[in-house]
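So you can see what is in the structure, the chains are spelled out below.
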Amino acid sequence: ASFGSHMTSIYVCKILDEDEWNRSTISDEWSTAQGTAGGCFNFPSWRTNPQWCLQLAEPSHAHFVLLQPDARVRHTAADARHTIGMYIMRGHDKFLRRVLVDSDEIAGDEVVDSTDFVLRREVSCNTLDEEGEQPLAPGMPYIIMPSSFKPNMDGPYRLVIYTHGKPTKLERVPPLRHAAVNGRWVRASAGGPPG
């Protein structure tokens, strides 16, 4: 009998040497109520997703794994299985939260790596799978943004990061804030455009 007539999936596991790789784990959630379920780059609300800043002391390749609870094992009523993915982006020393990525940058230099968005329990990406791919630079902030494909998909997730050496920084980037000022134009302040 052929393999295809009896099996639907095959899994290949990569074992990482614990003496060579440091493991960092983050447990968090996407929450519509908290404004952190923004969806992927296809939606303007992606900017509200949780974003995590990673910095390293030395050059290092990295493995990034995003997991959600197994839909076959119900942990709570809120657990659900979503189409998930993630982006690894270059950060900025002063403004860590990424908000201005456009479609050209998705395939450009600003996005270091990303996953496809798939309906699976786990997705992963790394800095080792393409020929000539450079390790993450020391001191450079990298922003990790896990997300569901569609906005407003609530649920817990876990992010696991493997690097050579312990990160010097691994913390959540403060949320996007909205500020508005109420007022109205009056004679003294309604000057109009120049010229």
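Criteria and thresholds
- Residue positions within a chain follow its written sequence, with the count starting from 1.
- Totals for whole chains, interfaces and linings use all residues, but because this is a predicted model, local features are given only for residues with pLDDT of at least 70 and pairs of side-chain atoms are given and counted only at 80 or more.
- Side-chain metrics in this entry use all non-hydrogen atoms of the structure; hydrogen atoms and water are not considered.
- Between any two strands, at least two bridges found by DSSP are needed for them to pair.
- Under the DSSP-based scheme used, a helix requires at least four consecutive residues in state H or I and a strand at least two consecutive residues in state E, with every element numbered from the N terminus.
- Axes, fitted as lines to C-alpha atoms, cover a helix only where it is in contact. Angles between the N-to-C directions of the axes lie from 0 to 180 degrees.
- Each residue gets one of three labels from its accessible area relative to the maximum for its type: buried under 20%, exposed over 50%, partly exposed in between, using a 1.4 Å probe on protein chains only.
- Any pair of nitrogen or oxygen atoms within 3.5 Å is treated as a polar contact; in protein, a donor-acceptor pairing is required on top of that, and neighbouring residues in sequence qualify only through side-chain atoms on both sides.
- Only four residue types enter the charge count: Lys and Arg as positive, Asp and Glu as negative, with His and the chain ends excluded.
- The rule for a salt bridge is simple: a side-chain nitrogen of Lys or Arg has to be within 4 Å of a carboxyl oxygen of Asp or Glu.
- The criterion used for residue contact is that any of the two residues' heavy atoms lie within 4.5 Å.
- The way it works is a 1 Å grid over only the protein atoms, where trapped points that fit a 1.4 Å probe form a cavity and open points with protein on both sides within 12 Å along at least five of seven lines form a pocket, and then any residue with an atom within 4 Å of a point lines it.
- Grid points are joined across faces, edges and corners, and a volume is the space filled by probe spheres set on the points.
- In this classification, the charged set is Asp, Glu, Lys and Arg, the nonpolar set is Ala, Val, Leu, Ile, Met, Phe, Trp, Tyr, Cys and Pro, and all remaining amino acids, among them Gly, are polar.

1. Digging into the sheet that holds strand 6 (residues 122–126)
Spatially, 1-8-3-6 is the arrangement adopted by the four strands of the open sheet, whose pairing is antiparallel. Either end of the sheet is taken by a strand with one partner, and the two such strands are strand 1 (22–30) and strand 6. This sheet shows a mean twist of 15° between the axes of neighbouring strands, independent of strand direction. Pairing of strand 3 (residues 62–67) with strand 8 (residues 155–163) involves six bridges; the strand directions are antiparallel. Looking at the pairing, Val-65 lines up with Val-160 of strand 8.

2. Section: the pairing of strand 7 (residues 142–148)
Buried residues dominate strand 7, accounting for seven of its seven residues. With burial as the criterion, each face of strand 7 is covered, one bearing Tyr-142, Ile-144, Pro-146 and Ser-148 and the other bearing Ile-143, Met-145 and Ser-147. As paired elements, strand 2 (residues 52–55) and strand 7 share three bridges and run antiparallel to each other. Bridge pairing links Trp-52 to Ile-144 in strand 7. Relative to strand 7, strand 4 (residues 84–90) runs antiparallel, the two sharing seven bridges. What sits directly across from Arg-90, in strand 7, is Tyr-142.

3. Observations regarding the sheet that holds strand 2
Within the open sheet, the five strands sit side by side as 5-4-7-2-9. Their pairing is antiparallel. Only two strands of the sheet have a single partner each, and these edge strands are strand 5 (111–114) and strand 9 (169–172). For this sheet, the mean inter-axis angle between neighbouring strands, taken without regard to orientation, is 20°.

4. Remarks on unusual backbone geometry
Glycine aside, residues mostly have negative phi angles, and peptide bonds mostly take the trans form. Its identity is not glycine, yet Asn-152 carries a phi of approximately 60°, on the positive side. In this structure, Asn-152 sits in the loop between strand 7 and strand 8.

5. Focus: the environment of Gln-34
Tracing the backbone shows Gln-34 in the loop between strand 1 and strand 2. Owing to a relative accessible area of 55%, Gln-34 belongs among the exposed residues under this scheme. Spatially, the C-alpha atoms of Gln-34 and Pro-175 are 10.0 Å apart, while their sequence positions differ by 141 residues. Of note is the side chain of Gln-34, whose polar atom sits 3.5 Å from the side chain of Glu-29.

6. Section: the side chain of Glu-133
Its location among the elements puts Glu-133 in the loop between strand 6 and strand 7. Despite its burial, Glu-133 pairs with no opposite charge, the nearest such side chain being Arg-90 at 8.6 Å. Sequence-distant contacts of Glu-133, defined by excluding residues within four places in its chain, comprise His-61, Val-112, Asp-113, Asn-126, Thr-127 and Leu-128.

7. What to know about the pattern of salt bridges
One pass over the full model with this rule turns up two salt bridges. Across the pair Asp-28 and Arg-172 runs a salt bridge, and its minimum N-O distance is 2.7 Å. Here Asp-28 is found in strand 1, whereas its partner Arg-172 is found in strand 9, with 144 residues between them in sequence. Relative accessible area serves as the criterion here: at 32%, Arg-172 is assigned to the partly exposed category. For the salt bridge of Lys-169 with Glu-171, the shortest nitrogen-to-oxygen distance reads 3.7 Å.

8. Quick notes on the layout of surface pockets
There is about 1100 Å³ of room inside the largest pocket. Val-12, Cys-13, Val-65, Glu-122 and Ser-124 are the residues nearest the centre of the largest pocket, which is lined by 28 residues in total. The set of elements that each furnish at least two residues to the lining of the largest pocket consists of strand 1, strand 3, strand 6 and strand 8. No other element matches strand 6, which puts five residues into the lining of the largest pocket. Among the residues forming the lining of the largest pocket, the class breakdown is 14 nonpolar, five polar and nine charged. The volume enclosed by the second largest pocket comes to roughly 220 Å³.

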